[in-house]
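A structural walkthrough
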Amino acid sequence: MIDPVLGSRLQFALTTIVHIIFPVMSMGLAPFLVYFTWKDIRTGEPIYEQLRRFWTRIFAVSFVVGTVTGIVLEFEFGTNFAAFSTTAGELFGGPLALEGMMAFMLEATFLGVFVFGRERVGNALYMVSAVAVGLGTWLSAVWILIANSWMQTPRGYELTTANGHTIVELVDPVAAYANPRFPWMFVHMQNAAVESVALFMAGVGAYFVFRHHVWEYPVENVAFWEATLKFGLVALLVTAPLQVLHGDLYARHIVETQPQKFAAMEAVWETDSYVPEYIVAFPTSLDQLLDPRAKEIFGIGIPGGASWLASGGDPQATIKGLEEFDGKQPPVAIVFWSFRMMVGLGFWFVLLAVWGGYRWWSGELLEDDLLHKALMLSTPLGIIAVELGWIVTEVGRQPWVIQDVLRTTDGVSPGLTAGEATATLVGFAVVYLGLLALYTYVVVRIVRAGPPDGDDLATRDTPERPASEVSVDD
Amino acid sequence: MTDPAALATEPLFGLPLADLWFGLVFFILAMFLFLDGFDFGVGALFATREDDDERERLLAAIGPFWDGNEVWLVVFGGALFAAFPSVYANLFSRHYLLMFAILGALIVRGLAPEMYEQRHDDGWQRWWGRAFVVGSLTAPFFLGIFIANWVTGATSIVTLPALVVGLAVVALTVVDGVAFLRLKTRGDLRDDLRTDGYRALGAYLVLVVAALGSVYAAEPALRSALLSAPVLALVLATLALAGAYAAATRADRYYVAFGAAAGLVFALVGIVAGLMYPSIDRATGLTVEAAIVSTLQLNLMSIGAAVLLPLVFVYFAVLYTAFSGPIEAGESY
């Protein structure tokens, strides 16, 4: 039997980590789908219809799995974090309700038109539905991140008492909801979503281009896969450098607003100046391997690097150490390594973008087998970088669920028993890992089936053609 | 309401906002039970159809709609959380395992139609077809138990009134599903469904009477609310709507029957709200006025809802207009 507090935290972590994959796919695909739909309607070229229909299938599956996993998250605030919901509900519930009414409704209703309605509605309404679906996915992120950013940098509230509970009461809506953290999170998240899908498209496209051009194993619809690879690369060229530049500025914002999180990201225990930026760091003594306070370490670091990063250019700058903060530290090793791996992946994506862009420019994009292999291996890495980023954001904020206001341990439902927490944790572990496997299986199947073929496209205007967009075998 | 500073102290236009949000929360719940209710009903009726073509038509009927329908549950959770956070927290944590049963059922039900269409071989479709049926039966059943426990203040999962209400909600979704499918199908299938509709309606009426009777017997504290004028009026309205549903089904007046099915759902949720008010949570005794959020937040939420909910109805009008009328031959999910 697991402790209800730990069980609730693990359960929330597990369900969030799995859930976030699907909205990332939806949010990242949205601008591509809007563009493909626009080109399909304007030019009538079959390639754009193929692109639209193929990626709509992936979008539709992502949306369905994202919906069923997302409802769980909304309800978990009530079931597992009732004390948090009671305390913060006044500020936190509003954005969730508005997300449902403003964003999710828009996305879900127009998705019906977008997926099933190509033959039923006119071009203008069809285009509107594509934009509405895309707008809905992005507006969802707006509201969720407004709620989350308030937990990171709470503003615009007062602590009061209601029905015997201490609660936060909204006093300044602009300060609370136009939160200083929100723009940083939103840009970083949306860019990461497009970057993840760009990597996914480039990787999948590279696989078929590689089979066709390098292995000379004939692939149907090779023009479709070449286009997919190129669209992925273009998006990667835009998003990858932006993510690194933006991430650097975002880190400085964290230094200012959540110094404890930054200290955990850099594993700085004692306040110091000229702090090195460690690329790797291991204790030299095996006894200290599990000791997060290990002093005798072997590290490869850039002298003054962390100070330089924190201050925006001064290697002598002082960084406040973890020991200066009251209360417990976050699990430093998790935050430290997640941050390093995320940043490392970010630079790898820039390299991939430049490499692919250069080969394209020099006319060798279809032949560079090493590039194709690198892209294939990188297919899921954008999503993994997003996961690591969220681990830094959420674990780095511990022990606070609302920074400096409410501790995570005080947010858990008071009446929750160990038996209940264990039962649902095990249940969700099984169901969510099953969902992840099922989603992967279905997406791989859709990719292997490829785009709708030419014969299918030729009959697009006859009434016999099924209106389906999501069925693989039609 | 001309002075923005007054937003923090005065209810918008002097309206009784706490009561309006109580009504809104139950209105949203009724929208969910009506709209996703017919999806559940279609899922239950799926079990009665052996023919592959007929099964495809059932899936095609709800295909474009069910995503949007299910969002009403998310909005229900969000509205309850936003307006009555302590009720949301207490209610959901109190029904811990039941909430997870509901979520599990919704996961299975939500995945099944999408997965059913991913592969066209018998084994795969047989299993996802079963998942669709099981999810569509258990989700409304557990939701009914949740609603009954909310009204009676029960914390355990199994009470007699709760079981009866759970079954009643399942029967109601089948009534609802039949009404929807008779709009969306033609020929033999449409004719066959008429009988299913009568049976489900009969079962629903019996179960509603049994539920009200068992609540009367088991919950003395609810007796006066049960005999209050609004609740009695809604019980009578249920009988009248059931009569209208049966007559419209007999006369093939599809839209009237569909409207009557909607009325039945709203009447049921109205009875629930009527039994509860002015409390919003029997178990804690919190009243609507005591559980509501601060005036400033409530005013902002009300402005948001007043702008957004009409827009939502526009989206639904676009969707249901684009896909109105029976499924055409060859049209599939």
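Since the model is a prediction, treat every value here as computed from it, not as a measurement.

Concerning the interface of chain A and chain B
Facing 73 residues of chain A, the contacting portion of chain B comprises 67 residues. Carbon and sulfur atoms make up 74% of the surface buried where chain A meets chain B, a total of about 6,000 Å² over both sides. Contact with chain B buries area across many residues of chain A, yet Phe75, Met101 and Arg120 of chain A alone supply 13% of it, more than any other trio. Our enumeration of links across chain A and chain B arrives at zero salt bridges. Connecting chain A to chain B are 11 residue pairs in polar contact (both at pLDDT 80 or more). Mapped by element, the contributors of at least two residues to the side of chain A that touches chain B are helix H3 (46-79), helix H4 (82-116), strand E2 (165-170), helix H6 (173-177) and helix H14 (418-449) of chain A. With 25 residues, the top contributor of residues to the side of chain A that touches chain B is H4 of chain A. Partitioning the side of chain A that touches chain B into residue classes produces 46 nonpolar, 19 polar and eight charged.

Details of the layout of surface pockets
Residue and element names in this part refer to chain A. Taken as a whole, the second largest pocket encloses approximately 960 Å³ of empty space. In terms of lining, the second largest pocket is formed by 38 residues, of which the most central are Gly247, Asp248, Phe339, Met342 and Val343. Elements with a contribution of two residues or more to the lining of the second largest pocket: helix H7 (181-214), helix H8 (222-257), helix H9 (259-266), strand E4 (277-283), helix H10 (305-311), helix H11 (332-361) and helix H13 (381-395). Broken down by class, the residue content of the lining of the second largest pocket amounts to 23 nonpolar, 10 polar and five charged.

Points about the confidence of the model for chain B
Looking at chain B, the pLDDT average stands at 90 and 97% of residues meet or exceed 70. Our summary of model confidence lists the complex with pTM equal to 0.90 and ipTM equal to 0.91.

With respect to the UniProt feature "transmembrane region" (unreviewed entry) in chain B
Residue and element names in this part refer to chain B. The UniProt record marks residues 20-48, 69-89, 132-151, 157-181, 201-218, 224-247, 254-280 and 300-323 with the feature "transmembrane region" (unreviewed entry), using the residue numbering of this structure. Helix makes up 95% of residues 69-89 and strand 0%, and the two end C-alpha atoms of the span are 24 Å apart. The distance from the first to the last C-alpha atom of residues 224-247 is 33 Å, and the span holds 92% helix and 0% strand.

Digging into the environment of Asn221 of chain A
Mapped onto the fold, Asn221 of chain A is located in the loop between H7 and H8. For the pair formed by Asn221 of chain A and Pro451 of chain A, sequence separation is 230 residues and the distance between their alpha carbons is 7.4 Å.

A few points about the side chain of His19 of chain A
Residues and elements named next belong to chain A. Relative to the elements of secondary structure, His19 occurs in helix H1 (residues 4-19). Classification of His19 as buried rests on a relative accessible area of 15%. Contacts of His19, omitting those with residues within four sequence positions, involve Gly66, Thr69, Gly70 and Leu73.

Quick look at the pairing of strand E1 (residues 157-162) of chain A
Residue and element names in this part refer to chain A. Inspection of the sheet shows E1 paired to E2 by six bridges, in the antiparallel sense. Paired with Tyr157 across the bridge in E2 is Leu170. Counting the residues in the hairpin turn of E1 and E2 gives two residues, including Asn163, whose phi is positive at 50°.

Some words on a nonpolar patch on the surface
Taken together, the side chains of Ile279, Phe298, Ile300 and Ile302 of chain A make up a nonpolar region of the molecular surface, amounting to roughly 390 Å² of accessible area. Considering every element that reaches the nonpolar patch, the biggest residue donor is strand E5 (residues 297-302) of chain A, with three residues.

Considerations on the packing of H3 of chain A against H14 of chain A
All names here are of chain A. Two elements in contact, H3 and H14, have axes whose closest approach is 9 Å; the angle formed by their N-to-C orientations is 170°. Considered as vectors, H3 and H14 are oriented roughly antiparallel to each other. Between H3 and H14, the contacting residues are Phe54, Arg57, Ile58, Val61, Ser62, Val65, Val68, Thr69, Val72 and Glu76 on the first element and Phe428, Tyr432, Leu435, Tyr439, Val442, Val443, Ile446 and Val447 on the second. The class makeup of the residues in the contact of H3 with H14 is 14 nonpolar, two polar and two charged.

A word on the nonpolar core
A general feature of soluble globular proteins is that nonpolar side chains tend to end up buried together. Formed by 280 residues in total, the largest nonpolar core has its most connected members in Trp55 and Phe84 of chain A together with Trp21, Trp72, Leu80, Phe84 and Leu111 of chain B. A per-element tally of this core places helix H1 (residues 17-46) of chain B first, with 21 residues. Those residues in contact with Phe84 of chain A, other than ones at most four positions away along the chain, are Phe77, Gly89, Phe92, Met151, Val401, Ile402, Leu406 and Gly411 of chain A.

Quick notes on H1 of chain A
Taking 1.5 Å of rise per residue, the 16 residues of H1 of chain A would be expected to cover 22 Å, and the 22 Å separating its terminal C-alpha atoms lies within 8% of that figure. In the core, the buried residues of H1 of chain A are packed alongside helix H2 (21-43), H3 and H14 of chain A together with helix H5 (96-116) of chain B.

Things to note about the packing of aromatic side chains
Per the stated rule, a full pass over the model turns up 61 aromatic pairs over all chains. Between Phe65 of chain B and Tyr320 of chain B, the aromatic rings sit 4.3 Å apart at their centres with planes inclined by 20°, giving stacked as the arrangement. Taken together, the positions of Phe65 of chain B in the loop between helix H2 (52-62) and helix H3 (66-83) and Tyr320 of chain B in helix H13 (residues 295-322) put the pair 255 residues apart, joining distant regions of the chain. An angle of 50° between the planes, with centres 5.8 Å apart, marks the rings of Phe141 of chain B and Phe142 of chain B as tilted. Classification of Phe142 of chain B as partly exposed rests on a relative accessible area of 22%. Note that Arg407 of chain A overlies the ring of Trp400 of chain A, its terminal NZ or CZ placed 4.7 Å from the centroid. Seen from the ring of Trp127 of chain B, Arg130 of chain B lies directly overhead, with NZ or CZ sitting 4.7 Å from the centre.

About the cut-offs
Residues numbered from 1 in each chain as written. Chains lettered and ligands numbered in written order. Predicted model: local features only at pLDDT ≥ 70, side-chain atom pairs only at ≥ 80, totals over all residues. Heavy atoms only, no water. Contact = heavy atoms within 4.5 Å. Buried area = accessible area lost by both parts, 1.4 Å probe. Salt bridge = Lys/Arg side-chain N within 4 Å of Asp/Glu carboxyl O. Polar contact = N/O pair within 3.5 Å; in protein donor to acceptor, adjacent residues only side chain to side chain. Helix = DSSP H or I, 4+ residues; strand = E, 2+ residues; numbered from the N terminus. Nonpolar A, V, L, I, M, F, W, Y, C, P; charged D, E, K, R; others polar. 1 Å grid on protein atoms, 1.4 Å probe; cavity = no way out; pocket = protein on both sides within 12 Å on 5 of 7 lines; lining within 4 Å. Points joined across faces, edges and corners; volume = space filled by probe spheres on them. pLDDT = per-residue confidence, 0-100. UniProt positions renumbered as here; feature names shortened; annotations may be inferred. Buried < 20%, exposed > 50% of the residue type's maximum accessible area, 1.4 Å probe, protein only. Pairing = 2+ DSSP bridges. Patch = residues over 30% accessible without salt bridge, like charges linked within 9 Å, V, L, I, M, F, W, Y side chains within 5 Å. Areas by Shrake-Rupley, 256 points an atom, 1.4 Å probe, with all protein chains shown as cover. Axes fitted to C-alpha atoms, helices over the stretch in contact; angles between N-to-C directions. Parallel < 35°, antiparallel > 145°, perpendicular 65-115°, else oblique. Core = buried A, V, L, I, M, F, W, Y, C linked by side-chain atoms within 4.5 Å. Expected span 1.5 Å × (residues − 1). Phe/Tyr/Trp six-rings, centres within 6.5 Å; stacked < 30°, edge-to-face > 60°. Lys NZ or Arg CZ within 6 Å of the ring centre and 35° of its normal.

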